[in-house]
Amino acid sequence: DGAVVGTVSVWPFDEVTLHLQQMAVAEEKRRTRVGAKLLAHAEDWGTQAGYRLMIVDARVGAEGFYLKYGYSQEGEPFEKHTIAHVRVTKRLR
């Protein structure tokens, strides 16, 4: 209906790696696959642009979302902007 319900932001990390820096979905639209669609769109865009790897610094507690879509946890949790995060990565098609 023209309302913004989610957003995703990706930036090049290097020549072959894309960094998903931010993703958000309106609270009332969570669990409706909006996040899954945004993630798939970011991955498809990255693949078409020639990137081979996606990295995400996910908030601890949100990493399960990414693991469900084929991401793997890399390393231990770390603080970013005073919030605990964990890096997850996925090879793009």
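The present account deals with the structure reproduced in this document. Please read all numbers here as calculations on a predicted model, not as lab measurements.

1. Re the environment of Thr7
- For Thr7, the position within the fold is in strand β1 (residues 6-12).
- Setting aside residues no more than four positions away along its own chain, Thr7 makes contact with Gln22, Met23, Ala24 and Leu38.

2. Observations regarding the side chain of His85
- Note that His85 resides in strand β5 (residues 83-91).
- Of the residues examined, His85 reaches a relative accessible area of 9% and is grouped as buried.
- Within the structure, the side chain of His85 is placed 2.8 Å from the backbone oxygen of Ile83, a separation counted as a polar contact.
- Setting aside its immediate chain neighbours within four residues, His85 contacts Asp57, Ala58, Arg59, Val60, Pro77, Phe78 and Lys80.

3. Brief notes about unusual backbone geometry
- The residue Arg31 is not glycine, and still its phi comes out positive at about 70°.
- Along the chain, Arg31 turns up in the loop between β2 (17-25) and α1 (34-48).
- Residue Arg31 is classed as exposed on the basis of its relative accessible area of 86%.
- Of note in this structure, His81 is not a glycine but carries a positive phi near 55°.
- Its location among the elements puts His81 in the loop between β4 (72-80) and β5.

4. Some thoughts on the side chain of Thr17
- Positionally, Thr17 belongs in strand β2.
- Under the relative-accessibility criterion, Thr17 is labelled buried at 6%.
- With sequence-adjacent residues up to four places away left out, Thr17 is seen in contact with Trp11, Pro12, Tyr51, Leu53 and Ile55.

5. Regarding the nonpolar core
- In this structure, Leu20, Met54, Val56, Tyr66 and Tyr71 are the most contacted members of the largest nonpolar core, which totals 16 residues.
- Every element with two or more residues in this core is listed here: β2, α1 and β3 (53-59).
- Those residues in contact with Tyr71 that lie beyond four places of it in its chain are Leu39, Glu43, Met54, Val56, Tyr66, Val88, Thr89 and Lys90.

6. A look at α1
- The terminal C-alpha atoms of α1, which comprises 15 residues, lie 21 Å apart, in line with the 21 Å expected from a rise of 1.5 Å per residue.
- Those residues of α1 that fall on the buried side of the exposure criterion are Val34, Gly35, Ala36, Leu38, Leu39, Ala42, Glu43 and Gly46.
- For α1, the elements touching its buried residues are β1, β2, β3, α2 (63-68) and β5.
- Once α1 ends, the next one or two residues include Gly50, with phi positive near 95°.

What counts and how
Residues numbered from 1 in each chain as written. Predicted model: local features only at pLDDT ≥ 70, side-chain atom pairs only at ≥ 80, totals over all residues. Heavy atoms only, no water. Helix = DSSP H or I, 4+ residues; strand = E, 2+ residues; numbered from the N terminus. Contact = heavy atoms within 4.5 Å. Buried < 20%, exposed > 50% of the residue type's maximum accessible area, 1.4 Å probe, protein only. Polar contact = N/O pair within 3.5 Å; in protein donor to acceptor, adjacent residues only side chain to side chain. Core = buried A, V, L, I, M, F, W, Y, C linked by side-chain atoms within 4.5 Å. Expected span 1.5 Å × (residues − 1).

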